[in-house]
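Here's the letter readout for the chains.
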Amino acid sequence: MWAPTFCTVTGAVASPSPRSDVSSKRRLLPHAACFSGRFRSNDDSYLSYERRSLVLSTMLSLVLAHVPIANASELNEVSVIQNGVRSVLSKAKAAGILRLVFHDAGTFDLNSKSGGMNGSIIYELDRPENAGLSKSVKVLEKAKREIDSIQEVSWADLIAVAGAEAVSLCGGPTIPVRLGRLDSSTPDAEGKLPEETLDAIALKRCFQSKGFSTQEMVALSGAHSIGNKGFGNPFQFDNSYYSILLEKPWTSSGGMSSMIGLPSDRALVEDDECLRWIKTYAGDQIKFFEDFKNAYIKLVNTGVSWEVS
Ligand code: HEM
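Just so it is clear, the model here is predicted, and its values are computed rather than measured.

Enquirer: Can you walk me through the overall build of the protein in this structure?
Expert: The secondary structure content of the protein amounts to 14 helices and zero strands. Mapped from its N terminus to its C terminus, the protein presents α and β elements in the order α-α-α-α-α-α-α-α-α-α-α-α-α-α. Put simply, 73% of the contacts in the protein that link residues at least 6 apart link residues at least 24 apart.

Okay, structure coming up:
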């Protein structure tokens, strides 16, 4: 029997939030914080995802019966957002949603302390680097309408939660997401996202300018395991990105394998420091999931203005 020991505390400790005030731990997504590991699986049936949601909702009601009112209402807030996202999410949409997270948060610049996870992506959809992302925003608009009719959610929170749900739906790790991000009402500065033509040195410099290490950059790049760049099953979040990078299929002449990966993906294997992490993650999916989870939490907390409660 699951005791309401508030695993949110565990999640709060694990979450490297820029302003870790007390309210933060009350706003963690319960399934991710509490059930991490228990439901982690590589099964890719949508039925099992739905069953998991049902089990989680049932467990949530059990928790709500045992916790103080303040915590109960916050858990409820979290589950409203999750349910709204789940009602619009599918494996086919997961990659676009996860990419949306990077394109919202990835504008962060450590020097000027500008950009970051602030929902400004909705004003930036006509930029060339965001081509194709309006589809993902439309998907989330539907969820937002549903959620807003019960309680208001910021775009930044919605995108952060949706990305974590997308990873989980595709068999990746469960990721606790703190809530309370405020939205920007203006677009972020242009030219902050890495271009796909960059070499490893330039990619590392770009991620450093956002406060991310090489290890975090390589772990986050594993997001390309889903989507259409040819790294295994496009709907399965796993470490195939790394094992395929090591094979360098693009060096074979002709055929589809020469199309695999972006220039920026291929550049990573040519760099000794990145290569070390690629080998580590290719050989250890659990380590990849753990490092991806932590880097994702950092990404969605980057540059955030938190609601004061
Ligand atoms: C390392 C620097 C990165 C570069 C240069 C880069 C660039 C790109 C490009 C050019 C695409 C193809 C878009 C298209 O199909 O039109 C793409 C796809 C994608 N990117 Fe990245 N990306 C980077 C890092 C990341 C990170 C950190 C994440 C998330 C944590 C991410 C998530 C995704 C996903 C999920 C897709 C697949 C989208 C789909 O198939 O719909 N990327 N990326």
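Enquirer: Teacher, can you tell me more about unusual backbone geometry here?
Expert: Excluding glycine, residues mostly have negative phi values, and the peptide bonds linking residues are mostly trans. The backbone phi angle of Lys-113 is positive, close to 50°, even though this residue is not glycine. Mapped onto the elements, Lys-113 comes out in the loop between α6 (91-105) and α7 (133-148). Backbone geometry at Lys-248 places phi at a positive 45°, although glycine is not the residue there. Inspection of the secondary structure puts Lys-248 in the loop between α11 (240-247) and α12 (263-269). Look at Lys-248 and you get partly exposed, because 14 C-beta atoms sit within 10 Å.

Enquirer: Explain the site of the ligand here, please?
Expert: Neighbouring the ligand are 19 residues, the closest being Ala-95, Phe-102, Leu-220, Ala-223 and Gly-227. Only α6 and α10 (214-221) provide two or more residues apiece to the shell around the ligand. Among the elements that line the shell around the ligand, the one with the most residues is α6, at six residues. Each residue belonging to the shell around the ligand can be placed in one class, and the counts come to ten nonpolar, seven polar and two charged. Each of domain 1 (8-191) and domain 2 (200-290) contributes no fewer than three residues to the shell around the ligand.

Enquirer: Whenever I open this one, the packing of α10 against helix α14 (residues 285-300) confuses me. Can you help?
Expert: Packed helices, taken two at a time, are described by their axes: the angle between them and the distance between them. Running from N to C, α10 and α14 point in directions that differ by 105°, and their axes come no closer than 9 Å. The pairing of α10 with α14 is recorded here as roughly perpendicular in orientation. In this structure, α10 uses Gln-215, Glu-216, Ala-219 and Leu-220 to contact α14, whose residues at the interface are Phe-288, Asp-291, Phe-292, Ala-295, Lys-298 and Leu-299. For the contact of α10 with α14, the per-class residue count stands at six nonpolar, one polar and three charged.

Enquirer: Would you mind going over the packing of α11 against helix α13 (residues 272-283) with me for this structure?
Expert: One way to put it is that α11 packs onto α13 with a least axis distance of 7 Å and a crossing angle of 125°. In terms of axis orientation, α11 runs oblique to α13. Where α11 crosses over α13, the two elements pack in a sense that is left-handed. Residues Tyr-242, Ser-243, Leu-245 and Leu-246 of α11 form the contact with α13, whose participating residues are Ile-278, Lys-279, Tyr-281 and Ala-282.

Enquirer: It is not clear to me how the environment of Val-78 should be interpreted in this structure. Could you clarify?
Expert: For Val-78, the location among the structural elements is in helix α5 (residues 69-86). The class for Val-78 is buried, based on 26 C-beta atoms found within 10 Å. It is 10.0 Å that separates the C-alpha atoms of Val-78 and Val-153, two residues lying 75 residues apart in sequence.

Enquirer: What am I meant to see in the confidence of the model for the protein here?
Expert: Where the model shows low pLDDT, its predicted coordinates should not be examined in detail. For the protein, the average pLDDT comes to 82, and 76% of its residues sit at 70 or higher. Note on residues 1-47: pLDDT is under 50 here. Beyond four places in sequence and across chains, it has 77 contacts. Across residues 60-70, where pLDDT falls below 50, the model places eleven contacts with residues more than four positions away in sequence or in other chains.

Enquirer: I tried to follow the environment of Gly-232 on my own but got confused; where do I start?
Expert: Note that Gly-232 resides in the loop between α10 and α11. Taking the C-alpha atoms as reference points, Gly-232 and Ile-260, 28 residues apart in sequence, are found 9.7 Å from one another. Apart from residues no more than four positions distant in its own chain, Gly-232 is found in contact with Ser-225, Asp-238, Ser-240 and Ile-244.

Enquirer: Would you mind showing me how to read helix α8 (residues 155-169) here?
Expert: Two residues of an α-helix separated by three or four positions point the same way, owing to the 3.6 residues in each turn. An ideal rise of 1.5 Å per residue puts 21 Å on 15 residues; α8 measures up with 20 Å between its terminal C-alpha atoms. Among the 15 residues of α8, 15 are classified as buried, and the element is accordingly described as predominantly covered. Looking one or two residues past α8, Gly-171 carries a phi angle of roughly 95°, positive in sign.

Enquirer: How should the environment of Gln-236 be read in this particular structure?
Expert: Relative to the assigned elements, Gln-236 resides in the loop between α10 and α11. C-beta crowding within 10 Å serves as the criterion here: with 16 such atoms nearby, Gln-236 is assigned to the partly exposed category. Taking the C-alpha atoms as reference, Gln-236 lies 9.9 Å from Ala-95; in sequence the two are 141 residues apart.

Cut-offs used in this document
Residues numbered from 1 in each chain as written. Predicted model: local features only at pLDDT ≥ 70, side-chain atom pairs only at ≥ 80, totals over all residues. Helix = DSSP H or I, 4+ residues; strand = E, 2+ residues; numbered from the N terminus. Contact = placed C-beta atoms within 7 Å. Buried ≥ 20, exposed ≤ 12 C-beta atoms within 10 Å, placed from the backbone. Near = placed C-beta within 6 Å. Nonpolar A, V, L, I, M, F, W, Y, C, P; charged D, E, K, R; others polar. Domains from an automatic or database assignment. Axes fitted to C-alpha atoms, helices over the stretch in contact; angles between N-to-C directions. Parallel < 35°, antiparallel > 145°, perpendicular 65-115°, else oblique. Left-handed = near helix turned anticlockwise from the far one by under 90°. pLDDT = per-residue confidence, 0-100. Expected span 1.5 Å × (residues − 1).

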